[in-house]
Amino acid sequence: MAFKDIEFLQMRYLRGPNFWTYRPVIEAWVDIGELEQFPSDKIPGFAQRLEKWLPGLIEHRCGVGERGGFVERLKTGTWPAHIMEHVAIELQTLAGMAVGFGKARETSSSGIYKVVVRTRQEQVGRESLKEAKNLVMAAINDSAYDVSATVNTLKAMVDDLCLGPSTACIVDAASDRKIPSIRLTDGNLVQLGYGALQRRIWTAETDRTSAIAESISSDKDLTKQLLSQCGVPIPEGQIVHSPEEAWEVAQSMGLPVVIKPSDGNHGRGVALDLNSAQEIKAAFRVAEVEGSDVIVERFIKGEEHRVLVVGNKVVAVAKGETATITGDGKSTVEELIESQINSDPRRGEEEGFPLDTIRLSEHQHAVLELQRQGLEPTSIPAKDRVAIVQRNGNMSYDVTDLIHPDIEQIATLAARVVGLDIAGIDLVVEDISKPLAPQGGAIVEVNAGPGLLMHIKPAVGSPRPVGRAIVDHLFGHSDSGRIPLVGILGDQQTGILSKLVAWLLHLSGRRTGLACSEGLYMNQRKVQSEDARNFDLSERILINRALDAAVFETTILQILNEGLPYDRCQVGILTNLPKEAGLEDHDIKTTDQLLSVARTQIDLVLPQGVGVINADVGEIVGLSELCDGEVILYAESPSNASIKEHLSQGRRSVYCKDGHLVMARGDQETLLFPLDFKPIAKLIKDEGLETSTLLAAVAAAWALDIAPLLIRAGLKNFGQQVANHASLLSEKSSQITKSIKN
Amino acid sequence: MDVSRIRALRGPNLWTRNTAVEALVMCESEEEKDLSIDPQFEIKLRNLFPGIGPLRTDQKSKITIAHAIESAALHLQIEAGCPVTFSRTTKTPEDGFYQVAVEYSVEEVGKMAINFAIDLCNSALKNEDFELDRAVIKLRDLDEDLRLGPSTGSIVDAALSRGIPFRRLTEGSLVLFGWGSKQRKIQAAEMDSTSAIAESIAQDKELTKKLLHAAGVPVPMGRPVADPEDAWLAANEIGLPVVIKPRDGNQGKGVAVNLKTKEEVMQGFVNASRFSDEILLESFLPGSDYRLLVVGNKLIAAARREPPTVIGDGKSTIFELVEKVNSDPKRGDGHATSLTKIKFDDIAKARLIEQGFSDSSIPSKGTRVSLRNNANLSTGGTATDVTDDVHPEVAARAISAAQTVGLDICGVDIVCETVLQPLEDQRGGVVEVNAAPGLRMHLTPSFGKGRDVGEAVINNMFPPGQDGRIPVIAVTGTNGKTTTVRLTAHLLRTHGLRVGMTNTDGVYVNERQIDSGDCSGPRSARNVLMHPDVDAAVLETARGGMLREGLAFDRCSVAVVTNIGMGDHLGLNYITTVEDLAVLKRVIVQNVAASGMAVLNAADPMVAAMAQNCPGQVTFFALDPHHPVIATHRAQGKRVVFVEDDQMVAMQGKMSVRIPLSEVPLTRRGAIGFQIENAMASVAAAWATNIPWEVIIKGLSSFISDAVAVPGRFNVFDYKGATVIADYGHNPDAIKALVQAVSNIPATKRSVVISGAGDRRDEDIREQTRIIGEAFDEVVLYQDACQRGREDGEVIGLLRQGLEGARRTQHIEEIRGEFIAIDCAMDRLKPGDLCLVLIDQVGEALEHITKRVKKEDHAVLSTL
């Protein structure tokens with residue numbers, strides 16, 4: 001009997017930190033129908049078929065916590081939603097997108113589950129989950145399923161949609177340093193860090209990579225001219241007009257030489273490694289035929305190397321390999337290539353092989369290289385004659401540790417001369433571990449935006465942390481690219497609270513972005529009037545290079561529907577457990593469930609950040625323990641039990657006492673202002689500001705290290721701001737700042 | 001008449017501070033030597049070229065045909081529009097030979113002008129015709145082709161007025177400002193700090209819009225639309241009126257603007273879809289096109305741009321109206337003039353058809369007919385300066401747009417009704433940002449005030465007070481240059497500066513040799529000045545380069561002249577007397593910056609006299625504290641350096657610093673006079689560069705260690721009262737330099753030990769001993785350890801050939817083996833002798849000599 005298909009009820013992409021995890025996930029609701037009665041152990045052959053199709057499942061540890069954990073669960077019996085989760089993760093992994101996180105949870109309706117799978121790209125995630133369902137159904141029903149076709153489809157999607165490997169390695173290195181990132185396009189333009197502290201990368205270019213330097217590097221002759229003027233060895237060349245002059249020049253330049261047409265491309269008319277007058281004169285005539293000027297150039301003996309310079313340091317060196325054949329007097333060139341080159345086990349057609357096989361039909365350069373040596377594919381080289389087939393193949397050998405300091409110095413100088421902060425220096429030298437000039441080595445090219453793959457995945461030798469080097473180049477040792485972010489979740493007065501906090505940040509001299517129910521503000525200028533409590537509008541603040549701080553008003557539904565726009569925050573404020581409409585659509589019914597959503601705001605607080613929690617709301621005080629950073633509690637009265645305990649531990653609290661608003665740390669109290677202080681009383685009366693909101697604002701400002709004097713002055717001035725007119729406002733605020741200083 | 005050798009003097013030179021072409025003119029006949037003999041010639045000449053200007057001579061000599069060439073070459077350039085004024089003709093000591101120098105602004109134009117001037121004079125001589133117009137047009141075209149474009153030119157001009165040196169790196173618009181580690185580059189309106197990523201972003205309109213929108217800069221919002229219904233839906237989302245256009249469309253094909261009704265929108269979609277599968281709908285921004293130029297975080301200029309337009313007069317056809325507009329002399333063909341001619345091409349005709357005209361239509365009086373959709377200056381559009389009108393909020397959005405994209409020079413295109421009001425109040429917005437924007441519309445707008453945008457760019461790169469210069473110390477003289485250069489460089493290095501140094505044996509940057517051979521010319525100096533790692537330059541400035549090309553710098557901070565003495569190489573290049581030589585060497589003194597310093601040898605009257613040619617201050621040095629020049633200068637409270645009581649004394653007014661000569665190893669405790677002079681010159685140069693005295697003193701005492709670190713470079717030994725100098729010199733250039741260097745050292749008898757490397761050319765090997773033969777009394781030839789492919793005895797044979805007919809060498813020995821040869825020469829030494837040993841196996845030979853010297857038990861290892 002065949003089981004009925006599992007049905008997707010809904011599927012959403014959570015782009016930021018969410019109910020499940022900090023990272024983007026796909027959340028799908030599935031109805032498994034009658035399969036509720038058939039855990040995996042009840043379906044004959046199901047587990048075996050799955051294991052056969054996806055042998056990698058053995059690595060999934062699952063809840064058991066060790067290798068084979070998931071397979072164990074399959075055997076003892078688990079439900080399809082859980083299995084889909086693991087299959088989707090395995091499919092993404094097979095497609096080359098490593099992910100680990102997944103979850104499957106029952107809902108309050110029987111047979112309906114939430115399946116959550118981590119993904120690095122929305123479409124790939126969705127597709128993998130859909131295919132996971134198809135695969136599981138096929139395994140259940142013992143019907144055919146083409147795993148490799150699915151993997152190929154997903155692979156193609158990964159190639160097409162995900163960051164390229166060079167960019168990805170930089171972004172991963174940034175994440176390792178806890179630097180957040182935002183992908184700005186479907187391509188490889190990525191922002192690292194937020195707001196004013198962001199830097200941009202585009203593959204191996206940074207926002208400091210000079211456009212002029214790039215244009216210089218793309219002009220080979222100009223590059224050579226500048227390098228040579230600064231004493232960087234290059235293959236010197238000179239235009240000659242006769243065979244005799246060619247020989248003259250060659251002698252003064254030093255043998256051997258290269259002779260080539262000045263506009264030579266595709267290697268036509270090029271002769272390398274010439275040593276005698278006879279060879280040189282003959283080569284002149286060959287080059288002359290091509291029509292342009294003839295150049296004599298110093299021939300640089302050795303192997304091509306790629307030196308990666310990042311911010312004045314050499315961070316990786318790769319070496320190419322010259323592939324040669326040695327004649328036996330019997331075999332043709334083609335046969336020798338097969339037997340002496342392609343037989344190398346490292347060579348193969350597929351991607352997994354570090355080196356390519358050489359087929360003359362596809363390698364035009366090899367054909368030309370051989371022609372220059374007077375060989376055709378069908379020629380039979382004499383015994384022991386060595387012929388070069390490929391001069392600089394894949395840059396596949398990591399030789400970073402071998403580079404001589406002299407060459408390091410010259411390579412970084414070359415990057416400086418051209419003006420590139422990240423450069424791939426191509427140089428030819430026999431021995432990279434010895435000084436360059438004495439062995440006649442030279443720099444042949446300087447490349448902007450160099451590929452990093454050869455350093456990340458060398459065929460031989462260890463991968464180099466080039467992504468990390470680039471991130472370290474962009475961000476100082478202790479910089480994380482983070483501007484202060486404040487997230488506010490709660491009930492009722494979060495709107496005015498967010499405006500208050502943004503106002504205080506503004507007064508403290510930070511250009512502040514604010515996304516709240518009333519709209520989107522940038523540096524006190526309203527740029528959008530619609531409710532900004534959503535991912536897209538909030539993200540605009542993080543992208544804006546002109547903002548030094550940001551305040552986000554958050555809702556429970558935002559966390560459930562989209563995830564939050566930022567990865568972590570400096571200050572997370574929780575004023576209450578908001579009972580928003582529409583929670584039942586997410587199967588959030590109990591206070592505990594709601595609490596596990598609301599905790600997100602506290603979970604996201606950075607270790608060096610502060611959670612601000614309303615101690616008067618009993619349910620949420622316990623979330624303090626989840627905060628990675630410090631916690632400031634606030635309550636109407638110091639008699640609040642949590643406040644008492646908090647203070648007894650020497651921690652910070654804000655409360656009202658004897659008609660004053662008090663900032664307290666341990667047993668030290670600072671009276672900020674009396675609550676009947678005229679402007680404050682007015683704020684409470686006219687704006688309907690609740691005391692608890694005032695307390696939250698003060699606690700947040702304290703968490704942001706805003707001086708008490710400025711907090712007091714700021715609250716006093718709040719509400720007198722002229723809405724929506726930046727110029728007037730900044731004038732006003734500077735007056736205010738002045739008056740505060742006075 | 002015959003003209004040989006035309007060369008470009010690319011820096012300050014014997015004739016002028018400006019760049020100039022120099023030609024050597026030989027007058028053959030008496031008429032050519034004195035134009036007054038045949039008055040007809042000048043009449044013919046003026047007929048052919050009425051603008052030739054007066055023929056002048058500032059000497060008592062007669063006006064010659066060389067003077068005619070001079071004046072013609074200058075005035076041809078002037079006619080072609082080049083900003084040049086200087087020319088001069090000078091008689092040489094050789095009868096009939098004259099040197100003509102004519103200023104140029106573009107080298108190739110200058111050279112071409114000289115050649116045309118020669119043609120012109122020949123035509124006048126032969127009574128032939130000369131096509132003056134053709135010549136002037138060719139010069140003008142070449143000049144327009146090669147000189148900097150208006151955008152780059154305005155930046156270079158601004159740099160010049162700030163005293164920032166510049167140098168073109170290509171024939172294009174890539175220009176280097178400043179020197180060494182202070183250098184910056186521009187390429188048209190791009191700076192070296194302009195981000196490549198930002199440029200890529202600016203080229204992607206959709207991405208730009210996304211980022212600007214994120215930053216709260218108003219942009220025309222829109223989205224791709226799928227069908228007419230979707231278009232109408234989108235129009236309502238965005239708000240009417242709207243624009244519909246094909247994505248990647250060109251020249252405005254299929255674009256419909258200001259659509260307000262459902263019918264218009266749906267029809268717009270249908271039209272656009274004829275040109276592309278992807279259709280975009282955007283909100284329509286009413287108003288004019290404005291270009292706002294942002295540099296750094298400032299709004300520098302703003303212009304309203306209008307497409308090329310003609311206004312009907314009721315009589316003329318559109319074609320005629322365009323002709324009339326184009327006849328305005330302000331309109332040129334390229335970018336050189338403030339306006340460009342309206343192009344009457346297919347695009348213009350298509351635009352006419354859109355408006356219901358053809359080129360032969362006669363629009364009624366007052367009708368405005370547009371010839372283009374866009375307002376580009378290069379297709380005949382106009383620009384009106386509105387910089388002073390820009391509302392601060394509009395400026396703030398433009399700056400924000402530039403910074404969001406990340407461009408430090410940015411042309412922000414805005415569409416709005418007026419820049420007098422905030423964009424938000426009038427549905428205006430930013431439609432595009434441009435990297436490397438053209439500056440012409442701001443420099444010379446069609447209407448309104450021109451703005452100094454070049455200055456804004458330069459101020460952004462070089463904050464006030466910075467001029468991109470590093471200390472440049474130029475050293476010249478007959479003897480002691482190299483030592484002075486090396487010691488001065490060492491003193492600067494001791495202060496932690498990364499020093500670039502040129503001298504007769506190479507170019508050194510931060511102690512690393514980057515070039516070898518005689519590098520005392522302008523090419524090497526230029527290389528040092530453009531090296532990114534150089535904080536200060538010490539440049540040996542030899543006569544040859546000054547004559548050949550002029551100086552490598554417009555001015556220097558310190559000029560050191562060690563001495564002129566009896567001079568050397570007299571007779572070459574018309575430098576026949578010591579006075580001539582002084583005039584030439586004076587060039588570096590003449591080009592000291594106003595804030596700079598000349599360091600002059602007071603004991604050499606020729607050198608001391610140069611003081612009056614120095615635009616800056618002067619430091620005099622001499623051994624004798626009572627030398628009148630020193631005494632006077634000292635009494636005037638100016639800087640002097642002299643020797644008193646075995647101390648080197650630097651004095652200015654009441655300030656004085658005394659350095660015991662015993663702490664200056666170079667002078668061998670004060671024993672070697674010329675080295676004291678070199679040390680004084682170096683100290684004065686370092687003083688002028690504001691090197692602290694404790695650093696100078698430390699540097700003087702540590703100069704010795706420099707040479708130990710460089711074995712085989714002029715290592716000096718005292719041996720039984722004789723001087724032994726070991727050096728690894730193996731080519732004629734090196735030998736020449738060595739011979740010159742040892743000639744500074746007094747000696748009763750001079751001997752040399754030399755071998756030849758087999759892999760050099762025969763003539764190079766012979767040349768080495770040819771030089772030797774002029775300077776040494778005794779020569780010991782030895783056979784190299786490795787013959788490098790030569791027959792046994794072959795190299796020695798060549799060395800001997802070089803000595804044939806030697807003027808000085810009296811005694812020659814042939815030895816097999818390097819050490820035996822060294823021993824042989826050292827055995828022959830008597831006190832007061834000098835022996836130069838050209839070593840081959842550097843380490844071993846030095847060790848051999850050191851051992852032998854030590855055996856004598858009074859070893860001092862030192863260097864010059």
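As a reminder, the structure under discussion sits directly above these lines.
Residues numbered from 1 in each chain as written. Chains lettered and ligands numbered in written order. Predicted model: local features only at pLDDT ≥ 70, side-chain atom pairs only at ≥ 80, totals over all residues. Heavy atoms only, no water.

Trainee: Outline the packing of aromatic side chains, supporting the account with residue identities and numerical values.
Mentor: Aromatic ring pairs are described here by two measures, namely the spacing of the ring centres and the angle between the planes. Counting across every chain of the model gives eight aromatic pairs over all chains. Ring centres of A:Trp53 and A:Tyr145 lie 6.0 Å apart, and the angle between their planes is 40°; on these two criteria the pair is classed as tilted. Of the two residues, A:Trp53 is situated in helix H1 (residues 46–53) and A:Tyr145 in the loop between helix H4 (122–141) and helix H5 (147–161); the sequence distance between them amounts to 92 residues. We note that A:Trp53, like A:Tyr145, is buried. Ring centres 6.4 Å apart and planes at 75° place the aromatic pair B:Phe116 and B:Phe130 in the edge-to-face group. You can see B:Phe116 sitting in helix H4 (residues 107–126) and its partner B:Phe130 sitting in the loop between H4 and helix H5 (132–146), a full 14 residues away along the chain. When sorted by exposure, B:Phe116 lands in the same class as B:Phe130, which is buried. Residue placement shows A:Arg652 over the ring face of A:Trp702; its charged tip is 4.8 Å from the ring centre. (Phe/Tyr/Trp six-rings, centres within 6.5 Å; stacked < 30°, edge-to-face > 60°. Helix = DSSP H or I, 4+ residues; strand = E, 2+ residues; numbered from the N terminus. Buried < 20%, exposed > 50% of the residue type's maximum accessible area, 1.4 Å probe, protein only. Lys NZ or Arg CZ within 6 Å of the ring centre and 35° of its normal.)

Trainee: An account of the pattern of salt bridges is needed here, citing residue identities and associated values.
Mentor: Residue and element names in this part refer to chain B. As enumerated under the stated definition, the model contains 79 salt bridges over all chains in all. Between Asp 823 and Arg 852 there is a salt bridge whose closest N-O contact spans 3.1 Å. Of this pair, Asp 823 sits in helix H27 (residues 818–827) while Arg 852 sits in helix H28 (residues 842–855), placing them 29 residues apart in sequence. Residue class for Asp 823 comes out partly exposed when judged on its relative accessible area of 23%. The class of Arg 852 is buried, set by a relative accessible area of 16%. (Salt bridge = Lys/Arg side-chain N within 4 Å of Asp/Glu carboxyl O.)

Trainee: Now, about the interface of chain B and chain A: what can you tell me, with residues and values included?
Mentor: Taken together, the contact pairs 39 residues of chain B with 41 residues of chain A. Here chain B and chain A share an interface that buries about 3,200 Å² over both sides, 57% of which is from carbon and sulfur atoms. Its largest share of buried area at the contact with chain A, chain B owes to B:Ile197, B:Ala214 and B:Arg512, together 19% of the area lost on that side. Applying the counting rule to chain B against chain A returns three salt bridges. In this structure, B:Glu424 and A:Arg525 form a salt bridge, with 3.3 Å as the shortest nitrogen-oxygen distance. There are 17 residue pairs in polar contact (both at pLDDT 80 or more) connecting chain B and chain A. (Contact = heavy atoms within 4.5 Å. Buried area = accessible area lost by both parts, 1.4 Å probe. Polar contact = N/O pair within 3.5 Å; in protein donor to acceptor, adjacent residues only side chain to side chain.)

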